[in-house]
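# Topology and contacts: notes
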Amino acid sequence: MGDADSANVQQRGREEKFGHGIESRCRLALMHYRALQATPGIELRTHETTLYNSIFRADDEMYVNAHVWGVNAYGAPVWHLRRTLDGGLFDTYTDSFDAVWQTGRPVKG
């Protein structure tokens, strides 16, 4: 999840003319997901990278909410991707997610 205190998240809010809404959504998501940390295999991390998209993945399917400059996320396209071959869009977004994951900081209980 985006770090609500990071400059990149705050910049995104200014670009969308959403004020502190992006920061608030990051904090709210973290509040709701924090309970999942007690589940084996679940780890939460926050990151400070630019928010290009939101990725929701389960096994070989994912949803990608593509962020569009000046448009709130709810108004931007969502792509439903399925892994059908190696090296396709699914793997591109998986690699992107993994790279951001490596920069993230684990959320403390």
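For the structure, check the block above.
Since we're looking at a predicted model, the values are computed, not measured. (Residues numbered from 1 in each chain as written. Predicted model: local features only at pLDDT ≥ 70, side-chain atom pairs only at ≥ 80, totals over all residues. Heavy atoms only, no water.)

## With respect to the overall build of the protein
Summing up its helical and strand segments, the protein has 3 helices and 5 strands in all. In the protein, the succession of helices and strands from N to C terminus is α-α-β-β-β-β-α-β. The C-alpha atoms of the protein give a radius of gyration of 14 Å, which matches the 13 Å a tight globule of 109 residues would have. Dimensions of the protein, computed from C-alpha atoms along their principal axes, come out at roughly 40 × 35 × 20 Å. Taken across its 109 residues, the protein has 32% of its residues classed as buried. Nonlocal contacts in the protein, meaning residues at least 24 apart in sequence, comprise 50% of its contacts between residues at least 6 apart. Charged side chains of the protein number 12 positive and 14 negative; the gap between the two group centres comes to 6 Å. (Helix = DSSP H or I, 4+ residues; strand = E, 2+ residues; numbered from the N terminus. Rg over C-alpha atoms; globule rule 2.2 N^0.38 Å. Buried < 20%, exposed > 50% of the residue type's maximum accessible area, 1.4 Å probe, protein only. Contact = heavy atoms within 4.5 Å. Lys, Arg positive; Asp, Glu negative; His and termini not counted. Charge placed at Lys NZ, Arg CZ, Asp CG, Glu CD.)

## Some thoughts on a nonpolar patch on the surface
The grouping of Tyr33, Leu36, Ile42, Phe56, Tyr63 and Val78 at the surface amounts to a nonpolar patch, some 560 Å² of accessible area in total. Among the residues examined, Tyr63 registers a relative accessible area of 42% and is labelled partly exposed. (Patch = residues over 30% accessible without salt bridge, like charges linked within 9 Å, V, L, I, M, F, W, Y side chains within 5 Å. Areas by Shrake-Rupley, 256 points an atom, 1.4 Å probe, with all protein chains shown as cover. Salt bridge = Lys/Arg side-chain N within 4 Å of Asp/Glu carboxyl O.)

## So, the packing of aromatic side chains
Summed over all chains, the structure comprises 2 aromatic pairs. Where Trp79 meets Tyr93, the ring centres are 6.3 Å apart and the plane angle is 55 degrees; that geometry is what we call tilted. A residue pair is termed long-range when its members are at least 10 positions apart, and Trp79 in strand β4 (residues 78–82) and Tyr93 in helix α3 (residues 89–103) qualify at 14 residues. Judged by its relative accessible area of 15%, Tyr93 falls in the buried class. Note on Phe97 and Trp101: the rings are 5.9 Å apart at their centroids and 20 degrees apart in plane angle, and the pair reads as stacked. In this pair, Phe97 and Trp101 are both assigned in helix α3, 4 residues apart and thus about one turn of the helix distant. The class of Phe97 is partly exposed, set by a relative accessible area of 37%. (Phe/Tyr/Trp six-rings, centres within 6.5 Å; stacked < 30°, edge-to-face > 60°.)

## Let's talk about the sheet that holds strand β3 (residues 61–66)
If you walk across this open sheet you meet the 3 strands as β2-β3-β4, and the pairing is antiparallel. Across the chains shown, the open sheet's two edge strands, defined by having one partner strand only, are β2 (53–58) and β4. The average angle at which neighbouring strand axes cross in this sheet is 15 degrees, direction not considered. The pairing of β2 with β3 spans 6 bridges and is antiparallel. Bridged to Ser54 within β3 is Asn65. (Pairing = 2+ DSSP bridges. Axes fitted to C-alpha atoms, helices over the stretch in contact; angles between N-to-C directions.)

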